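Residue-level structure breakdown
Single-letter residue listing:
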Amino acid sequence: MKTTLVVAAVLIASLCFAQAPVRNDLVATTLPLDGAPKAVPGPYKVMSEPAFGSPGHVIFRPEDPGKLPGKDKLPVMAWGDGGCAINSARYSGFFTTIASHGFLVIGSVPQPGAERRQQNADDLRKAIDWAEKESARTGSPLKGKIATDQVAVMGQSCGGFLSITLGADPRVKTIGVFNSGVQPARPESNEDAVQKVHGPVLLINGAERDFLSPASLATFELINSVPVFYGARHDAGHTATVDHPGGGEFANVASNWLLWQFKNDKRAAKMFAGNDCDLCTNTNWDVRAKGYKDARNEGPAATFYRGSSQQAWQNAGYKAALAKCKNPPQPFAISVAATPATAAAPPAPVLPPTMSIPGVLEARQSWKAVWSWEGNNVDGPIAADNGAILFANNDAGNVMQFDPATGLAKIAYASINTAGAVSRSKAGTLFVAGRGLGGGIEVLEPSRKMLASSFNGAPLECIGGVLNDLSADAKGGVYFSVTGAAQSGVFYASPNGVISRYGKDVPLANGIILSPDEKTLYVTNGAIVYAFDVDVDGSLTNQREFGKLQGGTGGDGSAVDQQGRVYVATGSSVDVFAADGKFIGTIPGPQGLHGTFFGGRDKKTLYGIVFYGTWGTPSARNQIIAIPTIAQGYTGRSK
């Protein structure tokens, strides 16, 4: 694959295109027809007709909807015209190809006598409204045949701007943006509009000859909360294959995307997904992706948008939510800089020398930074398969998988309500803590669902503080800590989602980890580490002081090794305790070291996560640091 433009250059270029007039010769660039791939029609004969009762729209659909298999219905694709021209005539071949695969396509036509104007987002909303009404209209040949819960909006050039706008409509499940992308000067397609998109995104452009390909790539860089596929077709230009018979190659891409998204067509999915996906291995295309399990997800830290997710206390609705609690807690907040916009980027943390700890660490070993990213974006990490790492992204609202061997990462799970920590049980169930307003404990694997989001019939916000760390047990439940409130402490979400509270006088409850045999739970509380006995039903008894931190006072994320030793991040070190609570030694680290875990293929690498800069400002940064150990992390669980 050819190297793509760097993000900074892309953003500058997209700004320039937003302000400069566009020449006709730039718009008219097309893929030469000679030798180009041909449009591949589907199994249905297509007809076109005016949209009944909607003179501004034209539809393309299978001629006989009765030939659809079983209870199959027609998903909807509403189209935004190039130039926002209110005239879809030139896209008739493109529409015909898509409709032939079993879709209802809605384009635009000028209304007789109407004043000339540009197409806008309301025109596309009205197209969706029409489909909903037509599906229910008595006498309609499409009554009961339209899948009104499967709606896509796509558009080319200016119409692509409109598709970004419609991405916020709750009815729209996916969008396709052809030869288009973010334009800061346009309200319908600026960075704020992109962040409101809530379903998978297809971004297709004409590569070097397409003057909006930089904007297309910039859009890809900005999207991190939903899956997104980016494809640049070399030599296609801005008009690309619009005028090719049947819409040409771009019609095939659009058809397969819709077949994948709405009909779960595995053959169609192979165009986009998998390490050997059709476009991935096609030398005519440069592709990238986020949110899909293939190599195109991957990138270094700078590839990923830092995000703007909010913890519950940052949400504008936080005080109103607390007011509804039976016993409202004191509001929680983290102090931020008075002038966050001017906060300067901080220097990288100093990684101090370490000392030998018998059975744990050799003296000659030292910390090494393996990952660095903007924002509050590394928390609650665990080991993953083949030496990789899974960690939660607070600001980005996702879970990321990172491979220290290559320095590359990818988004494993998107659209999380301000992700705070991850934990995987011995059985393989993966959980994440959602710190946003209305958050809770969510299951990510084997299937995604909410496990627990209320305590004693009230939202978790009514506890006060902030949902912090997790430790999943083999029974299917999760222990978690809540920090910073009078009712803070240790909680257990049972396998059926019922939450119970344990612990006394632990307002700073934070790092939480089960022993290898899961008979003991360790919880940090400032400079104290508490231990609890774990009963058969998951309840906790016998709270006691396990140990006192020596290398720092801010007890946080913790880990265990094969020998049952306990490793605790202190804010400036990792302190190590024997299974009986005896202090063994300190591994000095940088200021801001707020979590630790074992990883690597043999689990003989101790990792630390480091926050530096000012929380909640542009200076906020996170690092993952690593040091080889003699000790081996516990292998029966991810952490």
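Rules of the game
- Residues numbered from 1 in each chain as written.
- Predicted model: local features only at pLDDT ≥ 70, side-chain atom pairs only at ≥ 80, totals over all residues.
- Heavy atoms only, no water.
- Disulfide = S-S within 2.5 Å.
- Buried < 20%, exposed > 50% of the residue type's maximum accessible area, 1.4 Å probe, protein only.
- Helix = DSSP H or I, 4+ residues; strand = E, 2+ residues; numbered from the N terminus.
- Expected span 1.5 Å × (residues − 1).
- Contact = heavy atoms within 4.5 Å.
- Polar contact = N/O pair within 3.5 Å; in protein donor to acceptor, adjacent residues only side chain to side chain.
- Pairing = 2+ DSSP bridges.

Working definition of a disulfide: a covalent bond connecting the sulfur atoms of two cysteines. If you walk through the whole model with that rule in mind, you get three disulfides. The residue that forms a disulfide with Cys277 is Cys280, at a sulfur-sulfur distance of 1.8 Å. Here Cys277 and Cys280 share a disulfide; its torsion about the S-S bond, 85°, makes the bridge right-handed. Residue classification places Cys277 among the buried positions, given a relative accessible area of 0%. Sulfur-sulfur distance for the disulfide between Cys325 and Cys462 comes to 2.0 Å. The S-S bond linking Cys325 to Cys462 shows a torsion near -85°; that makes this disulfide left-handed. Of this pair, Cys325 sits in the loop between α10 (318–323) and β10 (368–374) while Cys462 is found in the loop between β20 (458–459) and β21 (466–472), placing the two residues 137 residues apart along the sequence.

Over its 16 residues, helix α4 (residues 121–136) extends 24 Å from the first C-alpha to the last, a length consistent with the 22 Å expected when each residue adds 1.5 Å. Among the residues of α4, those classed as buried are Ala121, Asp123, Leu124, Ala127, Ile128, Trp130, Ala131, Glu134 and Ser135. Those residues of α4 that are buried are in contact with β2 (57–62), β3 (74–80), β4 (104–108), β5 (146–156), α5 (158–166) and β6 (172–178). N-cap assignment for α4: the residue whose side-chain oxygen lies 3.0 Å from the backbone N of Asp122 is Asn120.

So, on to the pairing of strand β13 (residues 398–403). Summarising the sheet, strand β12 (residues 389–393) and β13 pair through five bridges and their orientation is antiparallel. From the neighbouring strand, Ala392 faces β13, where its bridge partner is Val399. Counted between consecutive antiparallel strands, the loop separating β12 from β13 contains four residues, among which Gly397 sits at a positive phi close to 65°. Of the strand pairs in this sheet, β13 and strand β14 (residues 408–413) are connected by five bridges, and their pairing is antiparallel. Along β14, the bridge assignment pairs Gln401 with Lys410. The hairpin formed by β13 and β14 contains four residues between the paired strands, and Gly407 there has a positive phi angle of roughly 75°.

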